[in-house]
Structures are given as structure tokens and as C-alpha cells.
Amino acid sequence: MSVPMRDCHREITAWMEALGATVRVDAAGNLRGLYPEMKAGAPRLLLGSHLDTVPNAGAYDGILGVVLAVALLEELGGRKLPFGIEVVGFSEEEGVRFGVPFIGSRAVVGRLDEGLLMRKDARGISVRQAIQDFGMNPAEIPQAGLDDGTLGYLEFHIEQGPVLEKLGRPLGVVEAIAGQSRMEFRFVGRTNHAGTTPMDLRYDALAAAAEWITVVEREAQSVGGLVATVGSIEAEPGATNVIAGEVRASLDVRHREDAVRTRAVEDVTREAERIARARGLSVSWETRLSQDAVAMDAWLAGEIEQAVHKSGCEPQRMVSGAGHDAMILAEKVPAAMIFLRTPGGISHDPAESVAVEDVAKAIECGVHLLDQLASSAEFLKRTGRA
């Protein structure tokens, strides 16, 4: 919700209006363009992704999915389908400003509550105030909810990893989005002089944290499909010649099966306690996020697989290790995702890229998919609208 976001809205609005879509910005700051259906009153299919990104980011994470959705409208060439198409550019997915991800998509599924509206950024500005500053009315957030006739949600996104490149495949079919646990651990020992304190009389919080980090790595390496990361560590007082008396370390654990993820978190937490006890330290922890794994709609995934085949590609079934708006939309409607190969597996970095030929294949796949859904009695039947 910023001047650059307003510029982004203006540009994409012009593209969609030129293709016959009616465009609005909802009260949560999501850009929404509705391309009309063949007959008035028909249900709609959502296509989209997010418009925000992280600091020092690349050019494709999120935004590519919105641009591809607009490109599919262009490929229709004015042709109408039995359902309308609503392109959504979500206002906030990353959680950078307010520390909570998926603000835009939470509003669409009716989960942007008062507690979230009161969260503040580093400058003390609340989500509510940011919405007002952007020229929107927080009281109208309920109107951002899904239309009753929404058939489902489809999202194109770069993989943000190396799997498709390693396999030599341009497109992937996402079967599930991994669950996530995010925590902060605090090791507390005793600050003392680095030169005068013998090694056997130290209570070094940083050494304890370092030992624990290697345990986290070993745990992840021993369990198939598990990833665990300590991505941030802060030592106090943080001086070269002072033994660290306190360390705060982050923990990020992900797996497609919640039971496996939960067990891993319990294991590394017990190890943190064991290490602290052995070194005469204390340790405490806080859970910042516990997000269950989300399965994508199996029927839509099958349709995507067919569309990928029709595009001349070998589809790859896969799990997304990163969170996406699709996992939020899946709470209310059938949701599915298509991944594009990410050269070098690099994302959230200026070196992030995508191959032009892969984008062309994604558009081809998308057109096949829309045609399949348009001719499918099952698509309407399974939503209870046939």
C-alpha cells in the first residue's frame, strides 16, 4: 500500500480494461479485474498471484502470475467462456511490512479480523491506518470476500527452487503446499571477558546456539522431504572480546505432512533444552507461525497435468516448500498452482529470472486449461452449480 503499488495498479488496470475487464481495488488493496462470462450471472474462476515482494527482490516472484493471468485474457481475443474470469493481484503476501503474510488473500476469504487490522509496522502505522492512507475504507473489507459463484482459484508462480531445472522440465503441477513452523529461540548464559574467563568456566550462549544449529541441520538431513533453517541469529552484547550472554535464533521448519513437521520441531526443541542444560544455560522459545500443510485440489491438478501434456511438456508433480496465496484461497474454494522453472533456483534476489520459452509454454498450458474447464461438465457439477 504505497506509491509504487498505486503505479502498479494503474499500469495493470490499463492492460485489463483494454481487454474488456471491469477493474476495481477492494478495501484490502487487492487489484481485481473481472472479464465477463458468456451469459450474465454465470460463476467465475479466479486467476492471479501477489503484487508485493521482499526487499532487494527479483522481478518475477508473484507479479509473473498476475501478468500471465492478463496474458491469458489477451489470448482469448475477446472470446467469452461459460464462466467469468477474475484476475486478482493480491496486495500483500510476503508479510514484510507488518510481520504477517497473506493480508490480501486473508481479506478475500474473510479472515482479515480486527486483531490483524491493529498490527503495526516498524513506524507504528497499523494495517487499518495503512488502508485508510491508501484511500480505502476498512469498513468495506467484508465486500472484498469471494463471490458466491466462485468456481476455484488458479495461480502461476515461479518455482523459487532448483527441482524443475534439475529435471529439465519447464512446468510443474503443485500437489501440496508444505506446512510451516516459525519460531524464535533464546539461549541465555553469562556475559564475561573473552580474555580472562577460562574455557571450562564459560556459559557461552553463542556456542550453545551454534551446537544446536548443527543439530537442526542433521535432523533435516535425516528426514525425507524435511527442510529446517536457522536463518537469523543475534548475539548480545555482540563484541569481539566479550562472551555472548544471550542469543536469539530463528527456526523455520517445513514439510508436506504436518505430523512429520511437528515431530521435527519437538525433536529440535528437546535438543535445545539438552544442550542448554549441559552447558549450564537456560533456553526459551516462542512460536511465531504454525501453518498447516495444504493440499491442492486433486481434480484441478489432474486438469493442469493434461494441459501441460497438450503443451508438449512432461509435467512434474511437486510440493511447494514456500507459502502462496493459493493455500489461503484453498480454505474456501478449489485451488491449484502451476510452477515455472526458475533458472539457478534463485528467488527473492535480483538474480531471479525466468526463461521466455517457459513463459510461452505457461501461456499455452493456460489456454488449454481454460478450454478444458469451459467444456467440462464435471467442473460445474463438482461446484454444485450444474
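That block above? That's the structure.
These notes cover the structure that comes with them. The structure presented is a predicted model; accordingly, all values stated were derived computationally and were not measured.

1. Let's talk about the overall build of the protein chain
Stage number 1. Helix and strand counts for the protein chain come out as 12 helices and 16 strands.
Stage number 2. A compact globule built from 386 residues should have a C-alpha radius of gyration of about 21 Å, and the protein chain, at 23 Å, falls within 12% of that.
Stage number 3. Taking the principal axes of its C-alpha atoms as reference, the protein chain extends roughly 80 × 45 × 40 Å.
Stage number 4. With 386 residues in all, the protein chain has 49% of them scored as buried.

2. Here we look at the environment of Glu75
Stage number 1. Structurally, Glu75 can be placed in helix α2 (residues 63-76).
Stage number 2. For Glu75 and Ile346, which are 271 residues apart along the polypeptide, the C-alpha to C-alpha distance reads 29 Å.
Stage number 3. Beyond its immediate sequence surroundings of up to four residues, Glu75 is in contact with Ile363 and Val367.

3. Some points on the packing of aromatic side chains
Here the distance between the centres and the angle between the planes together describe a pair of aromatic rings.
Stage number 1. Under the defined criterion, the tally for this structure stands at 6 aromatic pairs.
Stage number 2. For the pair Phe185 and Trp212, a centre-to-centre distance of 4.6 Å together with 40° between the ring planes defines the contact as tilted. Of the two residues, Phe185 is situated in strand β7 (residues 179-188) and Trp212 in helix α7 (residues 205-222); the sequence distance between them amounts to 27 residues.
Stage number 3. Exposure remark for Phe185: the relative accessible area of 0% places this residue in the buried category.
Stage number 4. A residue is classified by how much of its surface remains accessible, and Trp212, at 0% relative accessible area, is buried.
Stage number 5. Counting every residue linked through ring pairs, the aromatic cluster contains Phe185, Phe187, Trp212 and Trp285.
Stage number 6. The ring of Phe134 has Arg6 sitting right over it, with the charged end atom 4.3 Å from the ring centre.

4. Digging into helix α9 (residues 298-310)
Stage number 1. With 13 residues, α9 extends 19 Å between its outermost C-alpha atoms, agreeing within 8% with the 18 Å of an ideal straight helix rising 1.5 Å per residue.
Stage number 2. Looking at α9, one finds that the buried residues are Leu300, Ala301, Glu303, Ile304, Ala307 and Val308. One face of α9 carries all of its buried residues, which in axial projection span an arc of 160°.
Stage number 3. Considering only its buried residues, α9 is in contact with β5 (150-158), β6 (171-177), β15 (316-320), β16 (335-340), α11 (356-374) and α12 (377-381).
Stage number 4. Put simply, Asp297 is the residue that caps the front of α9, since its side-chain oxygen is 3.3 Å from the backbone nitrogen of Trp299.
Stage number 5. Downstream of α9 by a residue or two, Gly312 has a phi angle that is positive, lying close to 85°.

5. With respect to the pairing of strand β4 (residues 84-90)
Stage number 1. Among the 7 residues that make up β4, 7 are buried, leaving the element largely enclosed by the rest of the structure.
Stage number 2. Residues Gly84, Glu86, Val88 and Phe90 of β4 are buried on one face, and the alternating residues Ile85, Val87 and Gly89, pointing to the opposite face, are buried as well.
Stage number 3. As paired elements, strand β3 (residues 44-50) and β4 share 7 bridges and run parallel to each other. From the neighbouring strand, Arg44 faces β4, where its bridge partner is Gly84.
Stage number 4. Running through α2, the crossover from β3 to the neighbouring parallel element β4 is right-handed.

6. Looking at the pattern of salt bridges
Stage number 1. For the coordinates displayed, the defined rule picks out 26 salt bridges.
Stage number 2. Here Asp252 ties to Arg182 by a salt bridge, and the two come within 3.8 Å at their closest N and O atoms. Taken as a pair, Asp252 in strand β12 (residues 246-255) and Arg182 in strand β7 lie far apart in primary sequence, 70 residues in all.
Stage number 3. Each of Asp26, Arg32, Arg44, Glu86 and Asp147 takes part in salt bridges that share partners, so that together they form one network.

7. Observations concerning the side chain of Gln372
Stage number 1. Take Gln372: it is sitting in helix α11.
Stage number 2. Those residues within four positions of Gln372 in sequence are excluded, and the remaining contacts are Glu303, Gln306, Ala307 and Lys310.

8. Focus: the nonpolar core
Note that soluble globular proteins tend to have their nonpolar side chains buried in a common cluster.
Stage number 1. Ranked by size, the top nonpolar core spans 48 residues in total, and within it Phe83, Ile85, Leu154 and Leu340 carry the most contacts.
Stage number 2. Setting aside chain neighbours within four positions, we find Ile85 in contact with Gly33, Leu34, Tyr35, Leu45, Leu47, Leu73, Leu76 and Leu370.
Stage number 3. Within the second largest apolar cluster, 24 residues are counted, among which are Ala208, Leu226, Leu281 and Val283.

9. A look at the packing of α2 against α11
Stage number 1. The interhelical angle for the contact between α2 and α11, taken along N-to-C directions, is 55°, at an axis separation of 10 Å. By the criterion of interaxial angle, the relationship of α2 to α11 is oblique. In this structure, α2 meets α11 at a crossing whose hand is right-handed. Contacts from Leu64, Leu68, Ala71, Leu72 and Glu75 of α2 reach α11 at Val359, Ala362, Ile363, Gly366, Val367 and Leu370.
Stage number 2. Residue composition of the contact of α2 with α11, by class: 9 nonpolar, 1 polar and 1 charged.

10. Brief notes about helix α1 (residues 3-18)
Stage number 1. Helix length check: α1, at 16 residues, gives a terminal C-alpha distance of 23 Å against a target of 22 Å (1.5 Å per residue), a fit within 8%.
Stage number 2. Three or more residues of α1 are buried, namely Met5, His9, Ile12, Thr13 and Met16. Looking straight down α1, one finds that the buried residues subtend no more than 115° of arc, so they occupy a single side. Of the residues in α1, the exposed ones pointing more than 90 degrees away from the buried face are Val3, Pro4, Arg10 and Ala18.
Stage number 3. Summarising the contacts, the buried residues of α1 are in contact with β1 (22-25), β2 (31-35), α2 and β4.
Stage number 4. After α1 finishes, the residue Gly20 shows a positive phi value of roughly 95°.

Rules and cut-offs
Residues numbered from 1 in each chain as written. Predicted model: local features only at pLDDT ≥ 70, side-chain atom pairs only at ≥ 80, totals over all residues. Heavy atoms only, no water. Helix = DSSP H or I, 4+ residues; strand = E, 2+ residues; numbered from the N terminus. Rg over C-alpha atoms; globule rule 2.2 N^0.38 Å. Buried < 20%, exposed > 50% of the residue type's maximum accessible area, 1.4 Å probe, protein only. Contact = heavy atoms within 4.5 Å. Phe/Tyr/Trp six-rings, centres within 6.5 Å; stacked < 30°, edge-to-face > 60°. Lys NZ or Arg CZ within 6 Å of the ring centre and 35° of its normal. Expected span 1.5 Å × (residues − 1). Arc of directions from axis to C-beta. Polar contact = N/O pair within 3.5 Å; in protein donor to acceptor, adjacent residues only side chain to side chain. Pairing = 2+ DSSP bridges. Right-handed = clockwise from strand over helix to strand, strands pointing away. Salt bridge = Lys/Arg side-chain N within 4 Å of Asp/Glu carboxyl O. Core = buried A, V, L, I, M, F, W, Y, C linked by side-chain atoms within 4.5 Å. Axes fitted to C-alpha atoms, helices over the stretch in contact; angles between N-to-C directions. Parallel < 35°, antiparallel > 145°, perpendicular 65-115°, else oblique. Left-handed = near helix turned anticlockwise from the far one by under 90°. Nonpolar A, V, L, I, M, F, W, Y, C, P; charged D, E, K, R; others polar.

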